[in-house]
Amino acid sequence: MADRIELSQGAGGSETEAFIKQHILPRFQQPDMEVPLQALDDAAVVDDVVFTTDSHTVQPLFFPGGDIGSLAVAGTINDVAVMGAQPVGLAAAMVIEEGLPFDAIERVLDSMASCSRQADAPIVTGDTKVLEHGALQGMIVTTAGIGRASEALRRNMEQLGRDTRWLRDSALQPGDAIILSGYIADHGIALLSFREGYGFETEITSDVAPVNGLMQQCLQVGGIAAAKDPTRGGLANTLHEMASKSGVGMHILEEYIPVREGTMAACEMLGIDPYTVGNEGKVVVAATAEKADDVLRAMHRHPLGKDAAIIGHVTGEKRVVLETGVGGTRLMEAPVGDPIPRIC
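Residues numbered from 1 in each chain as written. Predicted model: local features only at pLDDT ≥ 70, side-chain atom pairs only at ≥ 80, totals over all residues. Heavy atoms only, no water.

Side note on the packing of aromatic side chains
At step 1: Taken as a whole, this structure holds 0 aromatic pairs when the rule is applied.
At step 2: If you follow Arg107 out to its NZ or CZ, it ends over the ring of Phe62, 3.8 Å from the centre. (Phe/Tyr/Trp six-rings, centres within 6.5 Å; stacked < 30°, edge-to-face > 60°. Lys NZ or Arg CZ within 6 Å of the ring centre and 35° of its normal.)

Topic: the confidence of the model for the protein
Detail in the predicted coordinates should be disregarded across regions flagged by low pLDDT.
At step 1: Averaged over the protein, the pLDDT score is 95; the fraction of residues at 70 or greater is 99%.
At step 2: For the protein, the element scoring lowest by mean pLDDT is helix α1 (residues 14-24), at 88; strand β8 (residues 177-180) scores highest, at 99. (pLDDT = per-residue confidence, 0-100. Helix = DSSP H or I, 4+ residues; strand = E, 2+ residues; numbered from the N terminus.)

Considerations on the pattern of salt bridges
It is possible for side chains of opposite charge to pair when their charged atoms get near one another.
At step 1: Under the defined criterion, the tally for this structure stands at 20 salt bridges.
At step 2: Asp42 is paired through a salt bridge with Lys228; the nearest N and O atoms lie 3.1 Å apart. Taken as a pair, Asp42 in the loop between α1 and β1 (44-46) and Lys228 in strand β9 (residues 224-228) lie far apart in primary sequence, 186 residues in all. Both residues of the pair, Asp42 and Lys228, belong to the buried class.
At step 3: Salt-bridge contacts for Asp294 lead to Arg297; the nearest nitrogen and oxygen are separated by 2.4 Å. Of this pair, Asp294 and Arg297 are both found in helix α9 (residues 292-300), 3 residues apart, which corresponds to roughly one turn of the helix.
At step 4: A residue is classified by how much of its surface remains accessible, and Asp294, at 28% relative accessible area, is partly exposed.
At step 5: Three or more residues joined by partner-sharing salt bridges are found here, namely Asp41, Asp42, Arg168, Asp169, Lys228, Glu241 and Lys245. (Salt bridge = Lys/Arg side-chain N within 4 Å of Asp/Glu carboxyl O. Buried < 20%, exposed > 50% of the residue type's maximum accessible area, 1.4 Å probe, protein only.)

Observations regarding unusual backbone geometry
At step 1: The amide bond that connects Gln59 to the next residue, Pro60, takes the cis arrangement and shows omega of 0°.
At step 2: With respect to the helices and strands, the residue Pro60 is situated in the loop between β2 (49-56) and β3 (62-63).
At step 3: Unusually for a residue other than glycine, Asp120 sits at a positive phi of about 55°.
At step 4: Secondary-structure assignment places Asp120 in the loop between α3 (102-118) and β6 (123-131).
At step 5: Judged by its relative accessible area of 62%, Asp120 is exposed.

Here it is as structure tokens:
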């Protein structure tokens, strides 16, 4: 066994999960917390406050459709939002490489401010450090966020009746529908193609966006059991996490998974599975069969959900099965790690 951490252990997927369970969780026991660290949900819940944090090391700092600033703010907001909470405040800390132009720093700050205003989640505290040139690549941004339950969440959970007050990865039951809010894999492919200088025929842009407004609109309908943003490890990792924690399986219909033609072509050219590529403005929702069509219609009314689709349903088989476009089936495997590093 290696005695030093490896890059793959921070890339998402099964290696990251194993690292967390072996080295981190045993040191931080929280038996009395409603949603503790051990749950490995997108956020914890402490005294009715949803609380999350994330560090962002994306390279390059600026990419088609976004930058490290919008990515940091949207990513933290989304981790709060998929618990069913409404974000109320953010913290942001920047570690900046000596020599980074002020123009670049101000672009990032403007982007952070714009994204936080869009989501109505102000940045209320923060910190700045500067390291000597060469100690890091440009900038690292760490964000944290807090949120509280909305009235829509309270009504949703009362109607659902599944012994939890929050949207939890572990709350799925057989028969639930799986809804995806829109096209996947754009973020990872946009970053990779820009970073490596690939000249695809169609310009692919990141989907980075805060999804709290979309989530609250869906919660107004009711019937939502769980939600998760498919970031590192993409859709495949997200579905496996939700299924594993709930002790269920899924049957996913490939023909209904939205992937843009240009993104799919890029994935095929690069030999990358689009279902394992990270996203930064999408959400996967599990809804009761009775409410699924209503939730889908609510998504379609929101700009970030206009391309949403029901892509499958929860089963009791404890495996994630993908029905292909030609009628065959195969297991949708959980990725070992994100195939594209440094995208968040």
